[in-house]
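So the chains spell out like this:
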Amino acid sequence: MLLHYYILHHIAQEINALAGTFLTECFTQERNTLHCVFERGRETHTLEMQLDSRMGAVFLRPEFHRARKNTVDVFPELIGRTLERAVLMTNERVLSLSLPPYTLHCVVFAGWNQDAERSSANAIVTLPATIQEGENNVQERIVAAFRSPSDLVKTPLRLNTASHQAFDTFPSETALEKALAGSKYLLGVQYAKEVVLRTQQHLGLEGALTLADEAVQTEKHVIESIAEEVCRECLSAKEFLLVRDERNKPLLSLIHPTNVHPTNATVYKIDKTFFSASEAVRFTLATMHREARFHALQSQAEAQCTKTLTKAQRALSAILQDTDGAERAQERQLWAEILLSQPNVQHKGLTELQTQDWSGETITIRLQPALTLRENAEEYFKKAGTAKATLKKREQRRQQQERIISLTNQALERLRGISTERELEQWMKEQGQSPSKALQTTSGAEQHRKTTRFREFPLEDDYTLYVGKTAADNDELTLRFAKPNDYWFHARGVPGSHAVLRSSAKDKKPPKQVVEQAASIAAYFSKARNAKLSPVAYTQKKYIRKPKGAAVGAVILEREEVVMVRPHVPAGLLGAEGDEN
């Protein structure tokens, strides 16, 4: 959303206002985030590129304080260069900053350089290559890259742009909104909805529209005119709006949505108006991060409450179903009283006694032959007392579980009505939960970002592979970090790093392609790196143990499987992980 083509158009215009400034710093201090500092006299501006697949953004900020440590300088060849201009590539989300003789490209669309594994957002520095004989164009050569530099440097930059088609060339069953979103107008879903709404109002139509509808076929020129009007409004926007959709999700809009209403929650509501695209992007991004954190905390808190509630309900159900205790207490009491009523209570040697209870029914009382009837009665009185005490404790437990259920239901009801992070943190403190610790376990992705001791590789199907860097790291990774059901990998027969594969889904067996990816990386970080093929052993962590007195990093596998793979790291992963050693 924040990397929409029309938003980047306005960001490019704002960067152009800095023409003539000098690039004095280029550094990173957060994962996937690049900061470029431009100065002119006392005037300082920072261009921030957040090259993230989920919440990416590019914007200017008037001031930014670089951290004192844990920062890394990048693109030294650009330092001291003068910003000449910023250009947004026609019909594509590529923002190019001319810093002669170099060009810094911010590429945020997929499929560039004809390699899907390298198609994530990136910052690329290029130089014009020498014009080849017989060629009429100058091809740019990559000299530096923010991500995956080892794969990209010294290769030509090939921006393989997508073909943009007219909306009516999609299959006839395609929804009008979807066709407009993917058409040459570059509207995306958000502005395609606006075009459809204006079309419905203009033509007096209701309900979902497809390209097969007669009204769409006959009024194609009207739809095209409305789409072009929305495009012009986006390009000429002077105000930038933070709006809320029907789900209360924050969106940045370059136009005033038609379906705006101050109180009706089923349509857009305008939260805030900005007169700078960068300011709007920055504020919207901060809002999205803040609300994502809030929803993560709320989901974690609700999951904890639900777990507590389920456990208490099961315990209560078991208590209520256990009715044998009361019957046993009554039976033992009755048997003791009947034994004491017998004419010769000192008699012993019997294994059982058949007699009648107070209602005249025949019953059989089991006896210990070594004890007299009186002594057997005393034993049954004791058992009756024990059963009564157990019943009392069970009643206390029943009341306790019912109280837990009641309080948890009240807490859940209150939790679901909380709308601010401050209220949520107060609620969590009252419940004895720590917001900071809860956030650390909100999701596998959050845990992955907080792990810095090991190499980290995001794989397919939401798997993440962690690889040790030293023998001590291997012990830490395998013996303390890894969970019992995580999968453990190691190149067989040669020294190398331990690797642990983790998924956000518990007890999920990794698919074959993920196993092979993980094994290839494990082999790459071993003495078998240069082999054509290498055997890699893998098993679950619960089948690994460390013998007493074993060397650092040494373990024993109680069971294993072996896969033959080519040692390598898939393109794009090594640079993203940030450690090429």
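Read on for a plain summary of the structure. Bear in mind the structure is a predicted one, so any value in this text is a computation, not a measurement.

Thresholds applied
- Residues take numbers from 1 onward in each chain, read along the sequence in its written order.
- Under the rules for a predicted model, residues below a pLDDT of 70 receive no local features and side-chain atom pairs below 80 are neither given nor counted, while totals for whole chains, interfaces and linings still include all residues.
- The side-chain values count all of the structure's non-hydrogen atoms but skip hydrogen atoms and water molecules.
- To qualify as a helix, a DSSP run of H or I must reach at least 4 residues; to qualify as a strand, a run of E must reach at least 2; elements of each kind are numbered from the N terminus.
- Only protein chains enter the calculation, and the probe is 1.4 Å; a residue is then buried if its accessible area is under 20% of its type maximum, exposed if over 50%, and partly exposed in between.
- Any two residues whose heavy atoms approach within 4.5 Å are treated as being in contact.
- For the area figures, the Shrake-Rupley method with a 1.4 Å probe applies, and any residue is considered shielded solely by the protein chains shown.
- Take the residue count of a helix, subtract one, and multiply by 1.5 Å to get its expected span.
- Here a polar contact is recorded for every N or O atom pair within 3.5 Å, except that within protein the pair must consist of a potential hydrogen donor and a potential acceptor, and residues adjacent in sequence are included only if both atoms are side-chain atoms.
- Only strands joined by at least two bridges in the DSSP assignment are considered to pair.
- Paired rings are identified among Phe, Tyr and Trp, the last through its six-membered ring, by centres lying within 6.5 Å, and are further divided according to the angle between planes into stacked (under 30 degrees), edge-to-face (over 60) and tilted (the rest).
- For a Lys NZ or an Arg CZ to count as sitting over a ring, it must be within 6 Å of the ring centre and within 35 degrees of the ring normal.
- For helices, the fitted axis covers only the stretch in contact; all axes are lines through C-alpha atoms, and the angles between them, taken along N-to-C directions, range from 0 to 180 degrees.
- Any Lys or Arg side-chain nitrogen found within 4 Å of a carboxyl oxygen on Asp or Glu counts as a salt bridge.

**A closer look at the overall build of the protein chain**
Here's step 1: Tallying secondary structure elements over the protein chain gives 15 helices and 23 strands in all.
Here's step 2: Taking all 581 residues of the protein chain together, 44% fall into the buried category.
Here's step 3: Residue pairs at least 24 apart in sequence account for 58% of intrachain contacts in the protein chain once pairs closer than 6 positions are excluded.
Here's step 4: As displayed, the protein chain offers around 31,100 Å² of accessible surface, 48% of which is attributable to carbon and sulfur atoms.

**Quick notes on helix α1 (residues 5–16)**
Here's step 1: Taking 1.5 Å of rise per residue, the twelve residues of α1 would be expected to cover 16 Å, and the 17 Å separating its terminal C-alpha atoms lies within 8% of that figure.
Here's step 2: Among the residues making up α1, those that are buried are Tyr5, Tyr6, Ile7, Leu8, His10, Ile11, Ala12 and Ile15.

**Comments concerning helix α7 (residues 277–321)**
Here's step 1: The end-to-end C-alpha distance of α7, which contains 45 residues, comes to 64 Å, matching closely the 66 Å that a straight helix rising 1.5 Å per residue would cover.
Here's step 2: The N-terminus of α7 is capped by Ser276, whose side-chain oxygen sits 3.4 Å from the backbone nitrogen of Ser278.

**Remarks on the pairing of strand β17 (residues 463–467)**
Here's step 1: In terms of burial, β17 is largely enclosed, as five of its five residues are buried.
Here's step 2: Where burial is concerned, the two faces of β17 agree: the one with Tyr463, Leu465 and Val467 and the one with Thr464 and Tyr466 are both buried.
Here's step 3: Judged from the four bridges that link them, strand β16 (residues 455–458) and β17 form a sheet pairing that is antiparallel. Looking at β17, one finds that Pro458 is bridged to Thr464.
Here's step 4: Hairpin connection, β16 to β17: the antiparallel pair is bridged by four residues, and Asp461 has positive phi, about 55°.
Here's step 5: As defined by bridge partners, β17 adjoins strand β19 (residues 499–503) across five bridges and the pair is classed as antiparallel.

**A few points about the packing of aromatic side chains**
Here's step 1: A full pass over the atoms with the stated rule returns nine aromatic pairs.
Here's step 2: Each ring, one from Phe457 and one from Phe525, has its centre 5.9 Å from the other, and the planes form 40°; the classification is tilted. Taken together, the positions of Phe457 in strand β16 and Phe525 in the loop between α14 (512–524) and β20 (534–540) put the pair 68 residues apart, joining distant regions of the chain.
Here's step 3: Overall, the relative accessible area of 0% leaves Phe457 in the buried class.
Here's step 4: Aromatic rings pair up to connect Phe454, Tyr466 and Phe481 into one cluster.
Here's step 5: The ring of Phe27 is capped by Arg66, whose NZ or CZ atom sits 4.2 Å from the centre of that ring.
Here's step 6: Note that Arg502 overlies the ring of Phe481, its terminal NZ or CZ placed 4.3 Å from the centroid.

**What about the sheet that holds strand β4 (residues 57–61)?**
Here's step 1: Here five strands make up an open sheet; going across it, the order is β4-β3-β2-β1-β5 and the pairing antiparallel. In the strand order of this sheet, the two ends are held by β4 and β5 (72–73), each with one partner.
Here's step 2: Judged from the five bridges that link them, strand β3 (residues 43–50) and β4 form a sheet pairing that is antiparallel. Counted as the bridge partner of Gln50 is Ala57 from β4.
Here's step 3: Seen against the sheet, α1 touches β3 and β4 and runs at an angle of roughly 30° to β4.
Here's step 4: Along the sheet face, α7 touches β3 and β4 and points at about 120° away from the line of β4.

**Observations regarding the pattern of salt bridges**
Here's step 1: Across all of its chains, the model carries 26 salt bridges by this definition.
Here's step 2: Arg416 is paired through a salt bridge with Glu302; the nearest N and O atoms lie 3.1 Å apart. Note that Arg416 is positioned in helix α9 (residues 373–416) and Glu302 in helix α7, a separation of 114 residues in sequence.
Here's step 3: Residue classification places Arg416 among the exposed positions, given a relative accessible area of 53%.

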